[in-house]
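In case you want the letters, here they are:
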Amino acid sequence: MEKIKIAFFDAKEYDRQSFMTSNAEDEFEILYLETRLSEATCKLAEGYDVVCVFVNDDVNRTVIDSLSEMGVKLIALRCAGYNNVDIEYAYGKIHIVRVPAYSPYAVAEHAMALLLTSIRRIHKAYIRTKDFNFSLNGLTGFDLHGKTVGVVGTGKIGRIFIDICRGFGMHVIAYDKFPAKDSGIEYVELSELWERADIISFHCPLTDENRHMVNAESIARMKKGVVLINTSRGALIDSEALLEGIKQRKIGAACLDVYEEESNVFFHDYSNHIVNDDVLARLISMPNVILTSHQAFLTNEALGNIADTTLDNVREFFERDTCTNEVCYKCSQLNVCEQKHEKKCF
Ligand code: NAI
């Protein structure tokens, strides 16, 4: 049997290493491409059965049409979120699979790492002591114990983050569009969460409905000094409103692993360039903003799971009739099958 051919876009060194380990027996022919998938680059997938993409590859209508005309059968996302794919348009043309969970611990732990770094000023202390400056002025933090954390999205990552917060003796309130029954979590309406939480952490997918859920209006309802943590998707937060909230001293700190315009800058070294995004530049310049470059998933455990599940998804698609991790417009709209597919969706 001929090998299944995979065109792997936006490949980084750590991707290569984990996929080469998972594909140690050369079962698949994988072409690693450094470029992102876009209208301009999709021609590189000519002759391939599968296109493998990550969070910032743009799988829009034109790209879907081109790939489908070229005979690409499957788009294998090596991530959980699929807001960068036009799944409605893809339905009936090309199948989409994803990695629904690879290490929820990686993301939840990173969210807590950002929070602790921020409120205990570790990022400032690190630079000071490297320069033998042992002054404590300006490094005063606050205890997490007894504080109220508002968690938006109580799925796999949100639930682990809640457990971590409880370990710190924090009081947890949460909002979820589909609250988990009998979970022992105190669910509240979003408006109440904005008003009561000292710290708010986002762990829900980005949809048309919740884009910019943090905006001037919701920020106005929040407590003065609130700390926002976003390890989910950048566009949950209106960055200009966030910047304004920080300038007004309303927002105490922002811990961001994602940014709404991240696809233009994240994952690349721009240290010798002038960054054109003024909002990003201003946010980074703030002493109470910590930004990591969509790094929350980046652990050995997560990379291994991503590679194994992505190749399992491809194998399953071509060898069997099932498609366990298929993402399809109809399923996600009706929210009926929760991606537990007995058969392919079309
Ligand atoms: P999940 O599917 O297990 O949980 C998502 C939860 O959000 C569910 O409980 C769902 O009911 C809830 N939800 C859906 N729509 C909502 C809305 N409009 N408002 C509030 N809650 C809503 O997903 P998981 O694995 O916990 O991941 C959460 C998000 O984390 C992903 O969607 C992705 O955007 C992000 N993520 C970020 C990573 C990073 O490296 N920074 C890595 C992996 C995921």
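Everything discussed here concerns the structure shown above.
All values reported here derive from a predicted model rather than from experimental measurement.

**Student:** I'm lost on the site of the ligand in this one. Help?
**Tutor:** Within the structure, the ligand sits among 22 residues, and Lys156, Ile157, Asp176, Thr231 and Asp257 are positioned closest to it. Within the side chain of Asp257, a nitrogen or oxygen atom sits 3.0 Å from a nitrogen atom of the ligand. Alone, the ligand offers 870 Å² of accessible surface; in the complex the protein occludes 88% of this. Here the shell around the ligand is built from residues that sort into nine nonpolar, eight polar and five charged.

**Student:** Would you mind going over the sheet that holds strand S1 (residues 4-8) with me for this structure?
**Tutor:** Within a beta sheet, neighbouring strands are joined by backbone hydrogen bonds and run either parallel or antiparallel to one another. The strand order across the open sheet built from five strands is S2-S1-S3-S4-S5, with neighbouring strands paired in parallel fashion. Sheet topology places strand S2 (28-32) and strand S5 (95-97) at the edges, where each strand pairs with a single neighbour. Between one strand and the next, the sheet's axes are offset by a mean angle of 25°, whatever the strand orientation. For strand S3 (residues 50-53) and strand S4 (residues 74-77), the ladder comprises four bridges, and the chain directions are parallel. The residue bridging Val53 from the neighbouring strand is Leu77, located in S4. Lying on the sheet, helix H11 (residues 300-319) is in contact with S1, S2, S3, S4 and S5; it crosses S4 at an angle near 160°.

**Student:** What should I look at first to understand the packing of helix H9 (residues 239-247) against helix H10 (residues 278-285) in this one?
**Tutor:** The relative placement of two packed helices comes down to the angle between their axes together with the axis-to-axis distance. Running from N to C, H9 and H10 cross one another at 35°; their axes reach a closest spacing of 10 Å. The interaxial crossing formed by H9 with H10 has left-handed handedness. Here H9 contributes Ser239, Glu240, Leu242, Leu243, Ile246 and Lys247 to the contact with H10, which in turn contributes Val279, Arg282 and Leu283. Considered class by class, the residues forming the contact of H9 with H10 number five nonpolar, one polar and three charged.

**Student:** In this structure, what is going on with the packing of aromatic side chains? I would like to understand it.
**Tutor:** Geometrically, a pair of aromatic rings is defined through the distance of the ring centres and the angle of the planes. Applying the stated rule across the entire model yields eight aromatic pairs. Between Trp194 and Phe202 the ring centres are 6.2 Å apart and the planes differ by 45°, which places this aromatic pair in the tilted class. Both residues of the pair, Trp194 and Phe202, count as buried. Aromatic side chains Phe317 and Phe318 sit 5.0 Å apart centroid to centroid with 80° between the ring planes, which places their arrangement in the edge-to-face category. Every member of this aromatic cluster is reached through a ring pair, and the members are Phe8, Phe19 and Tyr32. The residue whose ring lies beneath Lys93 is Tyr89, and the NZ or CZ to ring-centre distance is 3.8 Å. Between the NZ or CZ atom of Lys344 and the centre of the ring of Phe317, over which it lies, the distance is 4.3 Å.

The rules we used
- Residues numbered from 1 in each chain as written.
- Predicted model: local features only at pLDDT ≥ 70, side-chain atom pairs only at ≥ 80, totals over all residues.
- Heavy atoms only, no water.
- Near = heavy atom within 4 Å.
- Polar contact = N/O pair within 3.5 Å; in protein donor to acceptor, adjacent residues only side chain to side chain.
- Areas by Shrake-Rupley, 256 points an atom, 1.4 Å probe, with all protein chains shown as cover.
- Nonpolar A, V, L, I, M, F, W, Y, C, P; charged D, E, K, R; others polar.
- Pairing = 2+ DSSP bridges.
- Helix = DSSP H or I, 4+ residues; strand = E, 2+ residues; numbered from the N terminus.
- Axes fitted to C-alpha atoms, helices over the stretch in contact; angles between N-to-C directions.
- Contact = heavy atoms within 4.5 Å.
- Left-handed = near helix turned anticlockwise from the far one by under 90°.
- Phe/Tyr/Trp six-rings, centres within 6.5 Å; stacked < 30°, edge-to-face > 60°.
- Buried < 20%, exposed > 50% of the residue type's maximum accessible area, 1.4 Å probe, protein only.
- Lys NZ or Arg CZ within 6 Å of the ring centre and 35° of its normal.

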